[in-house]
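Descriptive analysis of the structure
Here's the letter readout for the chains.
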Amino acid sequence: MARLTINGKTQDINVDPNTPLLWAIREQVGLTGTKYGCGEGQCGACTVLLDGKPIRSCRTPVSSAAGKRITTIEGLEQDGRLHPVQQAFLDNEAFQCGYCTPGMIMGAVALLTSNPRPSEQEILRGMQGHICRCGTYQRIVAAVEQAANRNG
Ligand code: FES
């Protein structure tokens, strides 16, 4: 059993503490926005925020997320309004198949939290651990730049 707080909602989940957080989120809680890509912490598809910091949920056991604030892609919108990073990805069509997008967006949110006005180089470096197999990197960078310009 684990007590997890996901997108502001605390719930007890019947799961082995060693289970990757990704599977608790997707299968126990039913939030399927977070994707499984490589399962090895390399691609970024499974990125969620833990107390505001990006983590690879495929490699993070449920036990180390207990008692912390977990934010998934479903938790970004507020009062029916998309998060500025979500809106910027839409505006820039920063995806093709869309599989990497939730993890990309979570990575971008974390990047802009730690560096609200990143240069192009800083965006490239900050998003390095996120792989897009469709190769939409230019549009992803444009989306992050747009979201940064809307920051405060
Ligand atoms: Fe977790 Fe690829 S699925 S990093």
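Residues numbered from 1 in each chain as written. Predicted model: local features only at pLDDT ≥ 70, side-chain atom pairs only at ≥ 80, totals over all residues. Heavy atoms only, no water.

1. Details of the domain arrangement of the chain
Here the chain is partitioned into domain 1 (2–75) and domain 2 (84–151). Just the C-alpha atoms count here: the centres of domain 1 and domain 2 sit 21 Å apart. Across the boundary between the two partners, domain 1 contributes 16 residues, which contact 12 residues of domain 2. Overall, the association of domain 1 and domain 2 removes approximately 1100 Å² of surface from exposure, summing both partners, and the carbon and sulfur fraction of that is 66%. One can count 0 salt bridges joining domain 1 with domain 2. Run the count over domain 1 and domain 2 and you get 3 residue pairs in polar contact (both at pLDDT 80 or more). Mapped by element, the contributors of at least two residues to the side of domain 1 that touches domain 2 are strand 3 (47–50) and strand 4 (53–56). In the side of domain 1 that touches domain 2, the residues fall into 6 nonpolar, 8 polar and 2 charged. (Domains from an automatic or database assignment. Contact = heavy atoms within 4.5 Å. Buried area = accessible area lost by both parts, 1.4 Å probe. Salt bridge = Lys/Arg side-chain N within 4 Å of Asp/Glu carboxyl O. Polar contact = N/O pair within 3.5 Å; in protein donor to acceptor, adjacent residues only side chain to side chain. Helix = DSSP H or I, 4+ residues; strand = E, 2+ residues; numbered from the N terminus. Nonpolar A, V, L, I, M, F, W, Y, C, P; charged D, E, K, R; others polar.)

2. Notes on the packing of aromatic side chains
By the definition in use, this model includes 1 aromatic pair. Aromatic pair Trp23 and Tyr36: ring centres 5.2 Å apart, planes at 40°, arrangement tilted. With Trp23 in helix 1 (residues 21–28) and Tyr36 in the loop between helix 1 and strand 3, this pair connects stretches of sequence that are 13 residues apart. The class of Trp23 is partly exposed, set by a relative accessible area of 27%. Look at Tyr36 and you get partly exposed, because its relative accessible area is 36%. (Phe/Tyr/Trp six-rings, centres within 6.5 Å; stacked < 30°, edge-to-face > 60°. Buried < 20%, exposed > 50% of the residue type's maximum accessible area, 1.4 Å probe, protein only.)

3. Thoughts on the pairing of strand 4
Pairing analysis gives 4 bridges linking strand 3 to strand 4, with the strands arranged antiparallel. What sits directly across from Thr47, in strand 4, is Arg56. (Pairing = 2+ DSSP bridges.)

4. Quick look at the sheet that holds strand 3
The pairing of strands in a sheet comes from backbone hydrogen bonds and takes either a parallel or an antiparallel form. Pairing within the open sheet is mixed, and its 5 strands lie in the order 2-1-5-3-4. Taken across any chain shown, the strands that pair with only one partner, and hence form the sheet edges, are strand 2 (9–13) and strand 4. The mean inter-strand angle of the sheet, taken between neighbouring strand axes irrespective of direction, is 40°. Taken together, the 5 bridges between strand 1 (residues 2–6) and strand 2 define a ladder with antiparallel strand orientation. When the sheet's bridge partners are listed, Arg3 is paired in strand 2 with Asp12. Relative to the sheet, helix 1 contacts strand 1, strand 2, strand 3, strand 4 and strand 5 (69–71), its axis offset from that of strand 1 by approximately 75°. Packed onto the sheet, helix 3 (residues 101–114) meets strand 3, strand 4 and strand 5 and runs at close to 35° relative to strand 3. (Axes fitted to C-alpha atoms, helices over the stretch in contact; angles between N-to-C directions.)

5. Points about the packing of helix 2 (residues 84–91) against helix 3
Packing of helix 2 against helix 3 leaves a shortest axis separation of 9 Å and a crossing angle of 125°. In this view, helix 2 runs oblique relative to helix 3, as classed from their interaxial angle. Handedness of the helix 2/helix 3 crossing: right-handed. When helix 2 is examined against helix 3, the residues Val85, Gln86 and Phe89 are found in contact with a partner set consisting of Thr101, Met104, Ile105, Ala108, Val109 and Leu112. Class assignment of the residues belonging to the contact of helix 2 with helix 3 gives a composition of 7 nonpolar, 2 polar and no charged. (Parallel < 35°, antiparallel > 145°, perpendicular 65-115°, else oblique. Left-handed = near helix turned anticlockwise from the far one by under 90°.)

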